[in-house]
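Now for the letters of each chain:
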Amino acid sequence: MILSDNALTVLERRYFKKNEAGENIEDWEALIRRVADNISQGDAAKAKAYFELLDSGYFLPNSPTLMNAGNDLQQLSACFVLPIEDSMDSIFETVKNAALIHKSGGGTGFSFSRLREANARVRSTNGVSSGPLSFMKVFNAATDAVKQGGTRRGANMAILNVDHPQILDFITCKQNTSELTNFNLSVGLTEEFMRAVNQDEEYNLVSPKTGETVRREKARDVFSMIVDMAHKTGEPGIVFLDRINKANPTPQVGRIES
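Scope of this entry: the structure provided in the associated data block. (Residues numbered from 1 in each chain as written. Predicted model: local features only at pLDDT ≥ 70, side-chain atom pairs only at ≥ 80, totals over all residues. Heavy atoms only, no water.)

### Thoughts on the nonpolar core
Residues F112, I167, F170 and Y203 are the most contacted members of the largest nonpolar core, which totals 34 residues. Mapped by element, the contributors of at least two residues to this core are α5 (88–103), α6 (132–145), β7 (156–161), α7 (167–172), β8 (183–189), α8 (191–198), β9 (202–206) and α9 (219–233). Once residues lying within four places of it in the same chain are set aside, the contact partners of F112 are I84, P132, M136, F139, A158, I159, L160 and F183. (Core = buried A, V, L, I, M, F, W, Y, C linked by side-chain atoms within 4.5 Å. Buried < 20%, exposed > 50% of the residue type's maximum accessible area, 1.4 Å probe, protein only. Helix = DSSP H or I, 4+ residues; strand = E, 2+ residues; numbered from the N terminus. Contact = heavy atoms within 4.5 Å.)

See below:
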C-alpha cells in the first residue's frame, strides 16, 4: 500500500513496534506481517491471504489488534462493558478493571443506573450517597491518569436510564465541555418512556435502591432537553434499551444494560 504522510505519521506514533529506547523497529510491511502471522495461527495460506487483504487497504482490524497482535500483551479486543453495582467495593473494583483495560488499548462502557441517587440514605455509614455523577468524575480522573496502550487516552461510554432520579443532571452534565472529557454519554430510553413522549404524559423517576417513585417528570420536556443538549454539545446520545433486548442473543445471561 502507498501510505500518505499523515498515515505514516500516525503509524509511527501509535502502531509500529518500538524497542526499549522508544525507536520504531517496524515499517508498514512488518506491521501487517506481524498481524497476519498472529491471526492465522500458523496457517501459511491464511497468513498470505490476510497479509494481502491488509495491504490492499480494503480491510483493517481494530487498533488493539494492530498494536498488540504478536506482542506480549496479545489483547486484541477494543470494547468492554463492565458492571457497576451499588457498593463502594463494586465501583472501585470497576475503576481498577477499567484502568487495566485502558492500559491495554481497549475502551470501556458502563451503566451507572444501578447507583442510588445523590443524597439517598446509606444505611451502613448512616450517611448519604454522592450519586452516579460524582463517581463518573472518579472514572474520568482515573482515565486521565492512564495513557491508553502507551499511545492514546482511554475512552468511556456512560449510560443512565431515563427513569433514574438524576437523569436531568446527567443530560446536562456536559454543558461545560471541560467536564467529563473522557466520556461519551447516552440516555437509556424505554418503550414506556417513548409512549409517554408521544402522548405528552408524565412518567415515574424510580430510585434504584428502593424501587420507589421519587417524583414524576413530563416525558416530552425530558426528551426536548435531550434534543437541546445534543444540538448544543453533541451529548447525550440515546440507547433504545427495550429494542436492544428484543434482539438479545443471550437473554438467559441477563438483560443488556450498556
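### So, a nonpolar patch on the surface
Together, L53, Y58 and F59 make up an exposed nonpolar region whose accessible area comes to about 360 Å². Among the secondary structure elements, F59 is positioned in the loop between α3 (44–56) and α4 (63–68). (Patch = residues over 30% accessible without salt bridge, like charges linked within 9 Å, V, L, I, M, F, W, Y side chains within 5 Å. Areas by Shrake-Rupley, 256 points an atom, 1.4 Å probe, with all protein chains shown as cover. Salt bridge = Lys/Arg side-chain N within 4 Å of Asp/Glu carboxyl O.)

### Some details on α6
Taking 1.5 Å per residue as the helical rise, α6 with its 14 residues ought to reach 20 Å, and the 20 Å between its terminal C-alpha atoms agrees with that figure. Looking at α6, one finds that the buried residues are P132, L133, F135, M136, F139, N140 and T143. Down the axis, α6 shows its buried residues gathered within 155° of arc, on one side only. (Expected span 1.5 Å × (residues − 1). Arc of directions from axis to C-beta.)

### Brief notes about the sheet that holds strand β2 (residues 107–111)
The parallel open sheet is built from five strands, whose spatial order is β1-β2-β7-β8-β11. Sheet topology places β1 (79–81) and β11 (237–240) at the edges, where each strand pairs with a single neighbour. Strand after strand, the sheet turns through a mean of 25° between neighbouring axes, direction not considered. The sheet contact formed by β1 and β2 spans three bridges and is parallel. Bridge pairing in β2 links V81 to G109. (Pairing = 2+ DSSP bridges. Axes fitted to C-alpha atoms, helices over the stretch in contact; angles between N-to-C directions.)

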